[in-house]
Amino acid sequence: MEVEQAILTRRSIRKYTDEDVTDEQIDKILQAAYWAPRVNERWVFIVVRDKNVHDILSKPAPDRVQEHIANAKVNIVVCIDLREASPRDRELYAMQEASGAIENMLLTIHDLGLGACWNADFDEEKVKEALNIPDGVNVIAIISIGHPAEQGKGIRRKKLEEVVHWEKYGNHSRT
């Protein structure tokens, strides 16, 4: 798949079949994350296949369940290790690195014919406890992965012209 096609056709997928995600597929996804632009490599990736742990990860609140996390064949928990991080790492670099890695994972997942959803709604303390994540390491996302059982929907977006500014903020004209 060409990069442009992957970018334009990737969708968040929240329903998965029972088909397993292979070790080879997971390795390709992790390699894509690893090769994202980085400054200090503060990212940490925890691959979770255990259904019992998925149930813990899927509950952002006691009365809510994220079914796509619970039913995923694999969840990759993305963290940033801020222990010994500089102030600039804490403020910016660590999150930028991890976000680039996540985007590489999502595009690779799509290219492999799999589906995924980038999740930011979780109970960080419960996730950290379930995965033995130490203090100073923050959870920033859970990527649920599986073979798609749905197409996924395009989302309504602002027009590109509304979010692009030329030379100065507020100038939406090229000239």
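Residues numbered from 1 in each chain as written. Predicted model: local features only at pLDDT ≥ 70, side-chain atom pairs only at ≥ 80, totals over all residues. Heavy atoms only, no water.

**Q** What should I look at first to understand the side chain of Q25 in this one?
**A** When you line up the elements, Q25 lands in helix 2 (residues 23-34). Within the local environment of Q25, its side chain forms a polar contact with the backbone nitrogen of T22, the two atoms lying 2.9 Å apart. Aside from chain neighbours lying at most four places away, what touches Q25 is D20, L112, L114 and H147. (Helix = DSSP H or I, 4+ residues; strand = E, 2+ residues; numbered from the N terminus. Polar contact = N/O pair within 3.5 Å; in protein donor to acceptor, adjacent residues only side chain to side chain. Contact = heavy atoms within 4.5 Å.)

**Q** In this structure, what is going on with the pattern of salt bridges? I would like to understand it.
**A** Close approach of charged atoms allows side chains of opposite charge to pair. On inspection of all chains with the given rule, the structure shows eight salt bridges. The partner of R64 in a salt bridge is D121, and the shortest N-O contact between them spans 2.1 Å. Of this pair, R64 sits in the loop between helix 3 (51-57) and helix 4 (67-71) while D121 sits in the loop between strand 3 (115-119) and helix 6 (124-131), placing them 57 residues apart in sequence. Taking relative accessible area as the criterion, R64 reaches 38% and is therefore assigned partly exposed. Between D81 and R83 there is a salt bridge whose closest N-O contact spans 2.8 Å. (Salt bridge = Lys/Arg side-chain N within 4 Å of Asp/Glu carboxyl O. Buried < 20%, exposed > 50% of the residue type's maximum accessible area, 1.4 Å probe, protein only.)

**Q** Honestly, the pairing of strand 2 (residues 74-81) in this entry has me stumped. Any pointers?
**A** Each regular strand displays side chains that alternate between the two surfaces of the sheet. When you tally the buried positions in strand 2, you get eight out of eight residues, the bulk of the element. Side-chain alternation along strand 2 places V74, I76, V78 and I80 on one buried face and N75, V77, C79 and D81 on a second face that is also buried. Of the pairings in the sheet, the one linking strand 1 (residues 43-48) to strand 2 comprises six bridges and is antiparallel in character. Paired with W43 across the two strands is I80, which belongs to strand 2. In this sheet, strand 4 (residues 137-146) lies alongside strand 2 in antiparallel orientation, the contact comprising eight bridges. (Pairing = 2+ DSSP bridges.)

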